[in-house]
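For reference, the chains in residue letters:
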Amino acid sequence: MNELIKKLVEAYGPSGFEDGMRDLIRPEVEAYADEIRVDALGNLIAIKNGDGSGLKVMIAAHMDEIGVMVTHVTKEGFLRFTNIGGVLPHNLMGSRVQFANGTIGLIYSDRIEDRGKIHPLNKFYIDVGASSPDDCPVSVGDAAGFVRPFMAQGSRLTAKTMDDRIGCVVAIEAMKRLKSTPHQVYFAFTVQEEVGVRGAMTAANHLDPDVGIALDVTLTGDVPEARPMAISLGKGAAIKVKDSGMIAHAGLVRLMKQRADAASIPYQLEVLDGGSTDARSMQIANAGTAAGCISIPCRYVHSQSETVDAGDVESCIQLLVEILANPIEL
Ligand code: CO
Ligand code: ZN
């Protein structure tokens, strides 16, 4: 599975520019889907037919990643940029980014006068080796994602885009393992989550599922001076109860806990004090969806060293399979 993880987490795909991600994921799911659709926004939807006795279930994992977009090229050939999603300035110095055409850029900032302070984003720039706008290989409107190789160290897996390529991996693996299901299952690999859960919104409005389950990372409380939170790496799948954008459907939370207990899958209950996921979009789509989220615990979210535990990833896959393989009573 690390091969698949490496392939997805190292790939380019800032929000709005997920075409390459879709091309990577499609062949992974084609053999396990009864039908595949791509909608106008670019969501990839792989459908697995049930036996007609179950519900319409939408699974959402987002393909996009945070990144940057060029706003201006200076006369010396440096790029000023804006953020795509939640880019944190203190993670930027010395970072490398890659544009769609392969150009690598180095990020640095204007002179630092007070080392105790962090510049705002508009004081950073990208150096692509150009000396003027004329010899600059990228231009205004071009988007870049971060560059950082995948690393596996023991059970710890680290990459620039565990958020949310690891959710995509959970969905793909669950599709592979799901032999049969009573449900009509829509595995949606969504776009533009990082800029406001947009892809899942249109997909959910169109598919109109009964149940929606997002697969995404969540924060942990197990690092120095973390915000207190009852989630640790290595303690199992996180069943979301609440985040700042959604209160999960209580019946769905109960069902997730029952399935995990019945199959002896380790899990933790997640109350996230900030952030949200595609589950929010699904919950408030159309006349409403019973929505929840299986979260993969992740340290250092939105840095280039997002870190998950392989055991937790496995627990998330198993839990999703248990839910989809059996009847859902809410
Ligand atoms: Co994110
Ligand atoms: Zn995410």
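Residues numbered from 1 in each chain as written. Chains lettered and ligands numbered in written order. Predicted model: local features only at pLDDT ≥ 70, side-chain atom pairs only at ≥ 80, totals over all residues. Heavy atoms only, no water.

**Student:** Describe the coordination of the zinc ion (ligand 2), listing the residues and the values that go with them.
**Tutor:** For the zinc ion (ligand 2), the protein coordination sphere consists of His 62 (NE2), Asp 163 (OD), Asp 216 (OD) and Asp 216 (OD), at 1.9 to 2.5 Å. Here the donor residues for the zinc ion (ligand 2) map to a single chain with the spacing H-x100-D-x52-D. (Donors = N, O, S within 2.8 Å, 3.2 Å for Na, K, Ca; no water.)

**Student:** Which residues make up the packing of helix α3 (residues 162-177) against helix α7 (residues 310-325), and what are the values?
**Tutor:** The N-to-C vectors of α3 and α7 enclose an angle of 45 degrees; their axes lie 9 Å apart at closest approach. It follows that α3 is oblique to α7 by the angle criterion. Both α3 and α7 take part in a crossing whose hand is right-handed. Across from Ile 166, Val 170, Ala 171, Glu 173, Ala 174 and Arg 177 in α3, the residues of α7 making contact are Val 313, Glu 314, Cys 316, Ile 317, Gln 318, Leu 320 and Val 321. (Axes fitted to C-alpha atoms, helices over the stretch in contact; angles between N-to-C directions. Helix = DSSP H or I, 4+ residues; strand = E, 2+ residues; numbered from the N terminus. Parallel < 35°, antiparallel > 145°, perpendicular 65-115°, else oblique. Left-handed = near helix turned anticlockwise from the far one by under 90°. Contact = heavy atoms within 4.5 Å.)

**Student:** Give me the side chain of Lys 240: which residues, what numbers.
**Tutor:** Tracing the chain through its elements places Lys 240 in strand β14 (residues 237-243). Classification of Lys 240 as buried rests on a relative accessible area of 0%. A distance of 2.7 Å separates a polar atom in the side chain of Lys 240 from a polar atom in the side chain of Glu 270. (Buried < 20%, exposed > 50% of the residue type's maximum accessible area, 1.4 Å probe, protein only. Polar contact = N/O pair within 3.5 Å; in protein donor to acceptor, adjacent residues only side chain to side chain.)

**Student:** Outline the coordination of the cobalt ion (ligand 1), listing residues and values.
**Tutor:** Distances from the cobalt ion (ligand 1) to its protein donors, Asp 163 (OD), Glu 194 (OE), Glu 194 (OE) and His 302 (NE2), fall within 1.8 to 2.5 Å. For the cobalt ion (ligand 1), the 4 donor atoms are set out with angles of 56 to 144 degrees between them, so the coordination reads as irregular. The sequence motif formed by the donor residues of the cobalt ion (ligand 1) is D-x30-E-x107-H. Distance-wise, the zinc ion (ligand 2) is placed 3.4 Å from the cobalt ion (ligand 1), both being coordinated by Asp 163. In this pair, Glu 194 is assigned in the loop between β12 (184-190) and α4 (198-207) and His 302 in the loop between β17 (290-297) and β18 (306-309), connecting sequence segments 108 residues apart. (Tetrahedral: all angles 85-135°; square planar, octahedral: opposite > 155°, others 65-115°.)

**Student:** Talk me through a nonpolar patch on the surface; I want residue IDs and the actual numbers.
**Tutor:** A grouping of Met 93, Tyr 108 and Ile 112 is seen on the molecular surface, where their side chains present a nonpolar patch of about 270 Å² in accessible area. Along the chain, the position of Tyr 108 falls in strand β7 (residues 104-109). Assessed through its relative accessible area of 44%, Tyr 108 is described here as partly exposed. (Patch = residues over 30% accessible without salt bridge, like charges linked within 9 Å, V, L, I, M, F, W, Y side chains within 5 Å. Areas by Shrake-Rupley, 256 points an atom, 1.4 Å probe, with all protein chains shown as cover. Salt bridge = Lys/Arg side-chain N within 4 Å of Asp/Glu carboxyl O.)

**Student:** Quick rundown of the domain arrangement of the protein? Include the residues and the values.
**Tutor:** Split into domains, the protein comes out as domain 1 (2-65 + 160-325) and domain 2 (67-146). Relative to domain 2, the C-alpha centre of domain 1 lies at a distance of 31 Å. Summing both sides of the interface, domain 1 and domain 2 together bury roughly 990 Å²; the carbon and sulfur share of this comes to 58%. A per-residue breakdown of the area domain 1 buries against domain 2 is headed by Tyr 12, His 302 and Gln 304, which together make up 49% of the total. (Domains from an automatic or database assignment. Buried area = accessible area lost by both parts, 1.4 Å probe.)

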